[in-house]
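A structural walkthrough
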Amino acid sequence: MILIDLNGKWLMKRTDQETFLNAKVPGSMYNDLITAGKLADPFYRENEYNALKLSNYDYEYTHNFEINSELLEQDKIMLICEGLDTLAEIFINRKSIAKTNNMHRTYELDIRGLLVYGLNIIDIIFKSPLQYVDKKQKEDPLNGDYIPGIPHLRKAHHMFGWDWGPKLPDVGIWRPIYIKAYSQGKIDDVYISQIHNHGSVEIDVRVKIQKTYAIATHIIVKITSPNGEYIEKDTFSNLLKNHIKIQIENPLLWWPNGFGKQPLYNVETVLLSNDVVLDSSSYKIGLRTLNIHQEKDQWGKSFAFEVNGVQIFSMGADYIPEDSITSRCNKEKTEKLIKNCILSNFNSIRVWGGAYYPEDYFYDLCDKYGLIVWQDHMYACCVYRFTDNFKENIIAETKDNMRRLRHHASLGIWCGNNELEVAWADWGWSDKFSAELKTDYIKHFE
């Protein structure tokens, strides 16, 4: 496995201008303009309105990188874009290779045959989100309380304005971007599940492999406890899908804040062929059962997190991005916030559906400090038209994020959306919008 890091120093400019400015990736257009002294902080006085005007333009990001002969010889060469915000066209050596339309997805693009030995160039053009939603809204009016038409774009809705935040529809390469090249095979997916018995836990590590051609493969799974003890299991298998089961005796259980400690186990998976390491992965997990307990009562039904057989009275709050400019958020800010939640006796936290699926470190911190995460999917206060293209797009988005987050000890529940059900029932949407759109809601979420 060969990785080429494309993060760091880039150049950027408005496409209708000539002069490039220094840019930082991961980052964003607003942050780069602020750093270059071309935009005053949007949070100061009425600067928000000047910033909003800049979102009517398209922007270009460009970067040069070196490629050696070893990488060019690999069977597979993929460009991995973990986050492009949002309407992007990607060029490798001036050749267009893909267009994207979803901030919440990871894009893996085959670029073998497009690279050359030595100097290469990547360009990414970001189209104006304001121009896009305005055009779509004229074609098909939906809703959007602050900037009409936002349901047409899979982009963090709060960027178009909310009751707590300004209108700052940013663009840019907001998460890591890199090249991954490999031969023979790689780990495609690792899915870890648990079966709890009295005094033991069976870990089922499901390893999915991609092979470029038929090869003999060997998988090693190593589980290391919080006190450094480990169990290792070798499996010689040529299957593309493998179940590797490991029994853990006297497990150290993970508990929410206030109910116990938060021990974490490390699960490392290594793929080999002829004793050569092809790929590896590593996950931190907590050993626990966690479900929703419901039983009939005089009001209807109860609803409680049940952890390791104990019902939890949930105490917490909504989590929204710490800054409207995503590139100004970081692990240090988030950890300070999570620590304050713990000091306030929180045991749970809800990821609100009008923003984006947070960074890995957010969930790592919730694992570490013991906050159960109520995780919304990213739909909020909007009417969505359930077309075939929309369906295909959101299925890919859901797979990307559920696979990324499902192993976390803190992950307690996935919730469909923010306030859409109550809007159809009590906010007059049934009178305002068509029966077809109401049916689309049922198709989308139920």
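Each remark here, short or long, concerns the structure printed above.
To start, this report covers the structure provided alongside it. Quick caveat, the model's predicted, so the values are computed rather than measured.

Considerations on the overall build of the protein chain
Looking only at helices and strands, one finds 10 helices and 30 strands in the protein chain. Relative to a compact globule of 446 residues, whose C-alpha radius of gyration would be 22 Å, the protein chain shows 24 Å and is just as compact. Along the three orthogonal principal directions, the C-alpha set of the protein chain runs to about 70 × 65 × 45 Å. Relative to its 446 residues, the protein chain shows a buried fraction of 54%. In the form shown here, the protein chain has an accessible surface area of approximately 21,600 Å², with 49% of it arising from carbon and sulfur atoms. Of the side-chain charges in the protein chain, 51 are positive and 60 negative, and the distance between the mean point of each set is 1 Å.

Structural notes on the packing of helix 5 (residues 331-343) against helix 6 (residues 360-369)
When two helices pack together, their arrangement is given by the angle between their axes and by how far apart the axes lie. Put simply, helix 5 and helix 6 touch, their axes get as near as 10 Å, and they point 30° apart. Judged by the angle between their axes, helix 5 and helix 6 are roughly parallel. In this structure, helix 5 meets helix 6 at a crossing whose hand is right-handed. Counting all contacts with helix 5, which are made through Lys-331, Thr-334, Glu-335, Ile-338, Lys-339 and Ile-342, the residues of helix 6 involved are Tyr-361, Phe-362, Leu-365, Cys-366, Lys-368 and Tyr-369. For the contact of helix 5 with helix 6, the residue count by class is 7 nonpolar, 1 polar and 4 charged.

Description of the sheet that holds strand 7 (residues 87-92)
What links the strands of a sheet is backbone hydrogen bonding, and the strands pair in either a parallel or an antiparallel sense. The 6 strands are arranged 3-2-4-10-7-8 in an open sheet whose pairing can be described as antiparallel. Looking at which strands have only one partner, the edges of the open sheet turn out to be strand 3 (21-25) and strand 8 (95-101). Ignoring strand direction, the axes of neighbouring strands in this sheet form an average angle of 30°. Direction of pairing for strand 4 (residues 59-67) relative to strand 10 (residues 118-126): antiparallel, over a ladder of 9 bridges. Its bridge partner lying in strand 10, Tyr-61 is registered against Ile-124.

Regarding the nonpolar core
The tendency in soluble globular proteins is for nonpolar side chains to be buried as a group. Formed by 41 residues in total, the largest nonpolar core has its most connected members in Trp-10, Leu-79, Ile-122, Ile-124, Ile-177 and Ile-179. It is strand 4 that contributes the most residues to this core, 4 residues altogether. Excluding its chain neighbours within four sequence positions, the residues that come into contact with Ile-124 are Trp-10, Tyr-59, Glu-60, Tyr-61, Leu-84, Ala-88, Glu-89, Ile-90, Ile-173 and Ile-177.

Considerations on the packing of aromatic side chains
Summed over the entire model, instances satisfying the criterion amount to 17 aromatic pairs. Between Phe-303 and Trp-374 the ring centres are 5.9 Å apart and the planes differ by 45°, which places this aromatic pair in the tilted class. With a gap of 71 residues between them, Phe-303 in the loop between strand 24 (300-301) and strand 25 (304-307) and Trp-374 in strand 29 (residues 372-376) connect regions that are remote in the sequence. Measuring from centroid to centroid gives 5.4 Å for Tyr-379 and Phe-445, while their planes differ by 85°, and the two rings are edge-to-face. Remark: Phe-445 occurs in helix 10 (residues 435-445) and Tyr-379 occurs in the loop between strand 29 and helix 7 (388-405); sequence separation between them is 66 residues. Taken together, Tyr-379, Tyr-384, Phe-386, Phe-390, Tyr-441 and Phe-445 form an aromatic cluster joined through their ring pairs.

Here is what the cut-offs are and how they apply
- Residues numbered from 1 in each chain as written.
- Predicted model: local features only at pLDDT ≥ 70, side-chain atom pairs only at ≥ 80, totals over all residues.
- Heavy atoms only, no water.
- Helix = DSSP H or I, 4+ residues; strand = E, 2+ residues; numbered from the N terminus.
- Rg over C-alpha atoms; globule rule 2.2 N^0.38 Å.
- Buried < 20%, exposed > 50% of the residue type's maximum accessible area, 1.4 Å probe, protein only.
- Areas by Shrake-Rupley, 256 points an atom, 1.4 Å probe, with all protein chains shown as cover.
- Lys, Arg positive; Asp, Glu negative; His and termini not counted.
- Charge placed at Lys NZ, Arg CZ, Asp CG, Glu CD.
- Axes fitted to C-alpha atoms, helices over the stretch in contact; angles between N-to-C directions.
- Parallel < 35°, antiparallel > 145°, perpendicular 65-115°, else oblique.
- Left-handed = near helix turned anticlockwise from the far one by under 90°.
- Contact = heavy atoms within 4.5 Å.
- Nonpolar A, V, L, I, M, F, W, Y, C, P; charged D, E, K, R; others polar.
- Pairing = 2+ DSSP bridges.
- Core = buried A, V, L, I, M, F, W, Y, C linked by side-chain atoms within 4.5 Å.
- Phe/Tyr/Trp six-rings, centres within 6.5 Å; stacked < 30°, edge-to-face > 60°.

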